[in-house]
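What follows is each chain in one-letter form.
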Amino acid sequence: MIYRIPDSRFPIPDSRFPISPSPFPLSLYFMRLRFFATLLLLLLCGPALADYPDKPIRFIVPSAPGGSPDVLMRILTAELSKRLGVQFVIINKPGANAVIGTMEIVSAPPDGYTLGYGNIVSLAIVHGLMTDVPYRIEDLTLISNCLRVANLLAVNNELPVRSVRELIDYARKNPDKLVMGSAGNGTTGHLGGELFKAMTGISMLHVPYRGSPQAIGGLIGGEVQVMFDNLTSLSVYAKSGRVRPLAVSGSHRSPLFPDLPTIAEAGVPGYETVAWGGVIGPAKLSPQMITKLNREIVAALHSPAVSKRFAELDTDIDGSTPEQFLAIARRERPRWAEIIKRAGAKI
């Protein structure tokens, strides 16, 4: 016969005292636990989100000071500072086709205190030019596309051409004598020029500078004879007569230069390049933070101060949702990869 030795850790139920079922079902217990956990999370996070931002925000611009992205983002962040009550500190991080500055945004903590500028170069073009881009679009939070701006085709005043057709004819009669400057490898000015060369069959030597101000200085001084760059950067020099504008790269004429044709109108059918860009942050920003930032950015863009300055610089305001911004980037990436392939652009 086998005897069982009682174990105090596992008491044997006494049949004289049956165990009553719990008055609280297990499912109700877990429901209450989840409720209190959610309440605690709201209590801990709610004040932080309500108070955001409560200190200066670093704003990374992955291009040189004085260029179109820098100028436009300084206008926008000045208005955002007023609306949010904190300072936006612009930090220019040019280099490597905007990769250096964009990686600074990617590697920042997702606390909303490091934001930056993401545009056609960093979110689309670079992925067609480089095979080893160290970030994916999923490594970023796209908050709002803010703007669209066409390029201006301009030449040095000493070059004996006054139209797109004359430029094409001159380049064909003087092969390899024209030098085209740009704000840098992989910019819309560089690739817009390469596309122009491919579509017209002309040859020009490309010289990349370290930003728009340096490239424009080279155009004015005669180091280069031809340049494509954002209207934001070039228009003031064209208006003052320091360079000669020939055409704009968009689908319609510029209000700043109503007499200038588009490049397509001027004899290169189908030609069109338009730059775009907006505010981005690191991945994993909270949904509440994204909503707040998007709301304030859109409001700032449509404020009298920003809309007036953007109009003066012939820059179209967008103010997209995060979803629309992501759709723009995904749509434009294969388009520019095809343009790069067609133009044979290299860096």
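Structural data are supplied above this passage.
In short, a report on the structure. None of these values were measured; they are calculated from a predicted model.

Criteria and thresholds
- Residues numbered from 1 in each chain as written.
- Predicted model: local features only at pLDDT ≥ 70, side-chain atom pairs only at ≥ 80, totals over all residues.
- Heavy atoms only, no water.
- Salt bridge = Lys/Arg side-chain N within 4 Å of Asp/Glu carboxyl O.
- Helix = DSSP H or I, 4+ residues; strand = E, 2+ residues; numbered from the N terminus.
- Core = buried A, V, L, I, M, F, W, Y, C linked by side-chain atoms within 4.5 Å.
- Buried < 20%, exposed > 50% of the residue type's maximum accessible area, 1.4 Å probe, protein only.
- Axes fitted to C-alpha atoms, helices over the stretch in contact; angles between N-to-C directions.
- Parallel < 35°, antiparallel > 145°, perpendicular 65-115°, else oblique.
- Contact = heavy atoms within 4.5 Å.
- Nonpolar A, V, L, I, M, F, W, Y, C, P; charged D, E, K, R; others polar.
- Lys, Arg positive; Asp, Glu negative; His and termini not counted.
- Arc of directions from axis to C-beta.

### A closer look at the pattern of salt bridges
Next, step 1: Scanning the entire structure with this criterion turns up 13 salt bridges.
Next, step 2: We note a salt bridge from Glu104 to Arg58, for which the minimum N-O separation is 2.6 Å. Within this pair, whereas Glu104 is found in helix 3 (residues 99-106), its partner Arg58 is found in strand 1 (residues 57-61), the two being separated by 46 residues in sequence.
Next, step 3: Across the pair Lys197 and Glu194 runs a salt bridge, and its minimum N-O distance is 3.3 Å. Residue Lys197 and its partner Glu194 are both found in helix 6 (residues 188-200); the two are separated by three residues, about one turn of the helix.

### Details of the nonpolar core
As a rule of thumb, nonpolar side chains are buried together in soluble globular proteins.
Next, step 1: Among the nonpolar cores identified, the biggest contains 98 residues, and Phe59, Leu115, Leu153, Leu167, Phe196 and Val226 are the most heavily contacted of them.
Next, step 2: Among the elements that line this core, the one with the most residues is strand 4 (residues 140-155), at 11 residues.

### Things to note about the packing of helix 2 (residues 68-84) against helix 10 (residues 304-312)
Next, step 1: It is the contact of helix 2 with helix 10, at a shortest axis distance of 9 Å, that shows an interaxial angle of 170°. When the axes of helix 2 and helix 10 are compared, the pair comes out roughly antiparallel. Residues Leu72, Ile75, Leu76 and Glu79 of helix 2 form the contact with helix 10, whose own contacting residues are Ala305, Val306, Arg309 and Phe310.
Next, step 2: Looking at side-chain class alone, the contact of helix 2 with helix 10 contains six nonpolar, no polar and two charged residues.

### Digging into the side chain of Asp229
Next, step 1: Within the secondary structure layout, Asp229 lies in strand 7 (residues 226-230).
Next, step 2: One buried charged residue, Asp229, remains without a salt bridge, the closest side chain of opposite sign being Arg242 at 14 Å.
Next, step 3: Excluding its chain neighbours within four sequence positions, the residues that come into contact with Asp229 are Ala150, Asn151, Leu152, Ala183, Ser212, Ile216 and Leu234.

### A word on helix 5 (residues 164-173)
Next, step 1: Every buried residue of helix 5 is accounted for by Val164, Leu167, Ile168 and Ala171. For helix 5, the angular spread of the buried residues around the axis is 95°, confining them to a single face.
Next, step 2: Looking at the buried positions of helix 5, the neighbouring elements they touch are strand 4, helix 6, strand 7 and strand 8 (244-248).

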